[in-house]
Amino acid sequence: MSAHFKTGLPILSRLNTLVLYLAGVGLVVMTAVVAWQVFCRYVLNDSPSWTEPGAVILMSWFIFLGAAVGVRENNHMGFDVLLYVLPPAAKRWLRMISDIVILAFGIGMIWYGGSLISLTAATTMPALGISGAWDYVPIVGGGILITLFALERVVARALGAPVDEALDEMAPTEIAVELENIEDVRKDAARLNTPGKAKGE
């Protein structure tokens, strides 16, 4: 789903936005940690031991949070060829099956991630001094969000909300970026087609 999708729960829309910003902050912080590690290694000749495992944990968080946002906003790449030729009723069932598979995947992340947490809870990460379970907490966190977002769409569709109509209005993921920049493309094309402007004159 995207900004065009209005049938979802407002609280999950706000949660989705919060998660998106948290993933962005995580990416920025991880970049800063890696930059500090490089600076310490090559300039100070004294690389901190916490930077690498810390960066990996941060990367895990923003990857799984970003994956959950992608589920809710329908931004994951997919094979949509059938959707272009099927009638609306068939599209509805195909998307429902897809959402149920995503829901099951999210539940699997929670289940197996929880198992990994329980197995590593008694261990300690030497460089950070925290439980080894923190390596796997992002899996459970992402799984919970993916489950919530997929369940939202399954329930909304089952209740007759216009989920598929909203999805049909969205541009396919592979051309969404190009459409966002369509005005820049048109300006460039106009400039190239204007006499005396083709070479930046």
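Quick caveat: nothing in here was measured; it's all calculated off a predicted structure.

1. Remarks on unusual backbone geometry
Then, in step 1: Here the phi dihedral of Asn45 falls at roughly 55°; this positive angle occurs in a residue that is not glycine.
Then, in step 2: Counting through the fold element by element, Asn45 comes out in the loop between α1 (10–44) and α2 (51–72).
Then, in step 3: A relative accessible area of 70% means that Asn45 is categorised as exposed.

2. Remarks on the side chain of Thr120
Then, in step 1: By the element assignment, Thr120 lies in helix α4 (residues 88–120).
Then, in step 2: A relative accessible area of 15% places Thr120 in the buried class.
Then, in step 3: Apart from the residues lying within four places of it in its own chain, the contact partners of Thr120 are Ser131, Gly132, Ala133 and Tyr136.

3. Focus on the pattern of salt bridges
Then, in step 1: A full pass over the atoms with the stated rule returns 3 salt bridges.
Then, in step 2: For Arg72, the salt bridge goes to Glu152, with nearest N and O atoms at 2.8 Å. On the criterion of sequence distance, the pair formed by Arg72 in helix α2 and Glu152 in helix α5 (residues 137–158) is long-range, its members being 80 residues apart. With respect to burial, Arg72 and Glu152 carry one shared label: buried.
Then, in step 3: Two residues, Asp99 and Arg157, come together in a salt bridge whose shortest N-O distance is 2.8 Å. Of the two residues, Asp99 is situated in helix α4 and Arg157 in helix α5; the sequence distance between them amounts to 58 residues. As far as the burial class goes, Asp99 and Arg157 line up, both buried.
Then, in step 4: Connected via shared salt-bridge partners are Asp99, Arg153 and Arg157.

4. Comments concerning the packing of aromatic side chains
Then, in step 1: Considering all chains together, one arrives at 1 aromatic pair under this definition.
Then, in step 2: Their ring planes at 25° and their centres at 5.8 Å tell us that Trp36 and Phe39 sit as a pair that is stacked. With Trp36 and Phe39 both in helix α1, this residue pair falls 3 residues apart, about one helical turn.

5. Looking at the side chain of Arg72
Then, in step 1: The class of Arg72 is buried, set by a relative accessible area of 5%.
Then, in step 2: Looking at Arg72, its side chain comes within polar contact range of the side chain of Ser13, at 3.1 Å.
Then, in step 3: For Arg72, the side chain forms a polar contact with the side chain of Glu152, separated by 2.8 Å.

6. Structural notes on the packing of α2 against α5
For any two helices packed against each other, the geometry is given by the interaxial angle and the distance between the axes.
Then, in step 1: Orientation of α2 relative to α5, taken along the N-to-C sense of each, is 5°, at an axis distance of 9 Å. On the basis of their axis angle, the class for α2 and α5 is roughly parallel. Contacts between α2 and α5 involve Ile57, Ser60, Trp61, Phe64, Leu65, Ala68, Val71 and Arg72 on the former and, on the latter, Val137, Pro138, Ile139, Gly141, Gly142, Leu145, Ile146, Phe149, Ala150, Glu152 and Arg153.
Then, in step 2: Broken down by class, the residue content of the contact of α2 with α5 amounts to 13 nonpolar, 3 polar and 3 charged.

Cut-offs used in this document
Residues numbered from 1 in each chain as written. Predicted model: local features only at pLDDT ≥ 70, side-chain atom pairs only at ≥ 80, totals over all residues. Heavy atoms only, no water. Helix = DSSP H or I, 4+ residues; strand = E, 2+ residues; numbered from the N terminus. Buried < 20%, exposed > 50% of the residue type's maximum accessible area, 1.4 Å probe, protein only. Contact = heavy atoms within 4.5 Å. Salt bridge = Lys/Arg side-chain N within 4 Å of Asp/Glu carboxyl O. Phe/Tyr/Trp six-rings, centres within 6.5 Å; stacked < 30°, edge-to-face > 60°. Polar contact = N/O pair within 3.5 Å; in protein donor to acceptor, adjacent residues only side chain to side chain. Axes fitted to C-alpha atoms, helices over the stretch in contact; angles between N-to-C directions. Parallel < 35°, antiparallel > 145°, perpendicular 65-115°, else oblique. Nonpolar A, V, L, I, M, F, W, Y, C, P; charged D, E, K, R; others polar.

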